[in-house]
Amino acid sequence: MDMPTSQTRFDPATAEVALRGLRAPRKTLPPHLLYDPEGCRLFDAITTLPEYYVTRTELGLLRDIGPELRARIGPGTAVVEYGAGSVTKAALLLAALEQPRAYVPLDIAAGAVAATVAAMQSRFPALALHPIVGDFQQPLALPPLPRPLLGFFPGSTIGNLDREAALRFLRTARATLGEGARFLLGVDLPKSPEILIPAYDDAAGVTAAFNLNLLHRLNREAAASFQPGHFRHRAIWNVEDSRIEMHLESQVAQSVAVAGVPIAFGAGETIHTESSYKRRPEDMIALAGEAGWRSEAIWTDAGDLFSLHLLA
C-alpha cells in the first residue's frame, strides 16, 4: 500500500465511484480516474511515443486542413474545447482561424484547465479566455460568447464513450453550442491490431505505468490497499466491438480494501479501466446525425489512421 504523504487526502466521491465499479459483476473503473496530475504527466509522455500514432497524426491533419477550416468557419468565432489539455492542438486550431474572439477550455481536471489557460495567455494575449472546470458529459451553461461557436473535441476522446454515451454527449453538445454552431471532432479509425496493440502497450512501459498509476491514486484518495506490483497492464483488441480495452489484471488471488470495504480478486481477474472505440467515417456520420448534427466535411490522413469530422 502507498505510504501516507502530505498529498494523501481521502475523497469520498472517488471512493464511491471506485466501489461502484469494483463491486460490479465485471470490475470496472471510470477512465477519468486515470487523469490525476501524475496520470496527466504520463499521458503527455505517451503522446510522444513512436508507437502512439494518434497525436502526431491528428496534429498533421490539423496543419493540413488549416486553410480550409479558416475559409469554412469565417472570422470572429469562439472555440469551446471539450476535454482541454492538449495546448498544441488548440493552439494550432486558433492560429488557423480568422481572428478568433474567445476560447473556452473545459475539463474535469482543474490542473489541466489552469495549465491550458496559462499557455494560451502567453500565446494569444488578445484572446478572451473563459475556463470551465466540469464534466463535459453533463449539461453546462456557457458564458456570454460571440456567435456562432465552434466546438472542438480532439484526441479521439469520443472513442472512450460507448455508442449510447457518445450519443448523449453529442446531443448535449448540440444543445450547449446552439443554433449555427459547428463541431470539429477527432475520431480514430479501425486498423490492424499490429498497429493498435503497441499504441496502447508500448515497449517502454509508459502506458502500463499510466494504467497502474490509477491504483496509486485509489490508495491515496479512496483509502485503498492495492499493491500495484500484484497487477499488470493489458491491452486487448475487441474486434467485435471495434475497441481497444485497457485492463489491470490481478496476478494472484487477493483481497483489497477500498474505504474499508474488502474487494476479492481471483488470479487473472481484471479491472476494465478504459475503452477506445475505433469508428469508421460512415458510422460516425450516422451517430452524429442521430444526435442532430450534419456532416459538413471529413478529412483523413494518407495512411487512413485518423479522421477529423466537421459537423454543423
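All values reported here derive from a predicted model rather than from experimental measurement.

*Asks:* So what about the layout of surface pockets? Which residues, and what values?
*Replies:* Of the pockets and cavities examined, the second largest pocket occupies roughly 190 Å³. Residues belonging to the lining of the second largest pocket are distributed by class as follows: 3 nonpolar, 1 polar and 5 charged.

*Asks:* Describe the sheet that holds strand 11 (residues 270–277), naming the residues involved and giving the relevant values.
*Replies:* Taken in spatial order, the 3 strands of this open sheet run 7-8-11, and their pairing is antiparallel. Looking at the sheet topology across the chains shown, the edges are occupied by strand 7 (231–238) and strand 11. In this sheet, adjacent strand axes meet at a mean angle of 20° when their direction is disregarded. Here strand 8 (residues 243–250) pairs with strand 11 via 7 bridges, running antiparallel.

*Asks:* Describe helix 4 (residues 87–96), listing the residues and the values that go with them.
*Replies:* Here helix 4 lies mainly inside the structure; 7 of its 10 residues are buried. All of the buried residues along helix 4 are V87, K89, A90, A91, L93, L94 and A96. In this structure, the buried residues of helix 4 make contact with helix 3 (53–73), strand 1 (78–82), strand 2 (102–107), helix 5 (110–123), strand 5 (149–153) and strand 6 (182–188).

*Asks:* Residue-level account of unusual backbone geometry, with values.
*Replies:* Each neighbour pair has its own omega, and for R147 with P148 the value is 0°, a cis peptide bond. Located in the positive-phi region is Q99, a residue other than glycine, with phi close to 50°. Within the element layout of this structure, Q99 appears in the loop between helix 4 and strand 2. With a phi close to 50°, A259 is a non-glycine residue in the positive phi region. With respect to the element layout, A259 can be found in the loop between strand 9 (254–258) and strand 10 (261–265). Owing to a relative accessible area of 31%, A259 belongs among the partly exposed residues under this scheme.

*Asks:* Break down the pattern of salt bridges for me, citing the residues and quoting the values.
*Replies:* Under the criterion given, the structure shown has 18 salt bridges. E68 serves as the salt-bridge partner of R72, at 3.0 Å between the closest nitrogen and oxygen. Separated by 4 residues within a single helix, R72 and E68 lie in helix 3, roughly one turn from each other. Here R182 makes a salt bridge to E296, at a shortest N to O gap of 2.8 Å. Of this pair, R182 sits in strand 6 while E296 is found in strand 12 (residues 295–300), placing the two residues 114 residues apart along the sequence. Three or more residues joined by partner-sharing salt bridges are found here, namely E68, R72, R182 and E296.

*Asks:* I'd like to hear about the packing of helix 6 (residues 163–177) against helix 9 (residues 281–290), residue by residue, with values.
*Replies:* Running from N to C, helix 6 and helix 9 cross one another at 55°; their axes reach a closest spacing of 8 Å. Regarding the angle of helix 6 to helix 9, the classification is oblique. The crossing of helix 6 and helix 9 is right-handed. For the pair helix 6 and helix 9, contact is made by R163, A166, L167, L170 and R171 and by M284, L287, A288 and E290, respectively. Considered class by class, the residues forming the contact of helix 6 with helix 9 number 6 nonpolar, no polar and 3 charged.

*Asks:* Quick one: what's the story with the confidence of the model for the protein, residue by residue and with numbers?
*Replies:* A low pLDDT score tells you not to read the predicted coordinates there in detail. Model confidence for the protein is summarised by a mean pLDDT of 95, while 98% of its residues fall at 70 or above. Every residue in residues 1–6 is under pLDDT 50, and counting partners more than four places away or in other chains gives 9 contacts.

Calculation rules
Residues numbered from 1 in each chain as written. Predicted model: local features only at pLDDT ≥ 70, side-chain atom pairs only at ≥ 80, totals over all residues. Heavy atoms only, no water. 1 Å grid on protein atoms, 1.4 Å probe; cavity = no way out; pocket = protein on both sides within 12 Å on 5 of 7 lines; lining within 4 Å. Points joined across faces, edges and corners; volume = space filled by probe spheres on them. Nonpolar A, V, L, I, M, F, W, Y, C, P; charged D, E, K, R; others polar. Pairing = 2+ DSSP bridges. Helix = DSSP H or I, 4+ residues; strand = E, 2+ residues; numbered from the N terminus. Axes fitted to C-alpha atoms, helices over the stretch in contact; angles between N-to-C directions. Buried < 20%, exposed > 50% of the residue type's maximum accessible area, 1.4 Å probe, protein only. Contact = heavy atoms within 4.5 Å. Salt bridge = Lys/Arg side-chain N within 4 Å of Asp/Glu carboxyl O. Parallel < 35°, antiparallel > 145°, perpendicular 65-115°, else oblique. Left-handed = near helix turned anticlockwise from the far one by under 90°. pLDDT = per-residue confidence, 0-100.

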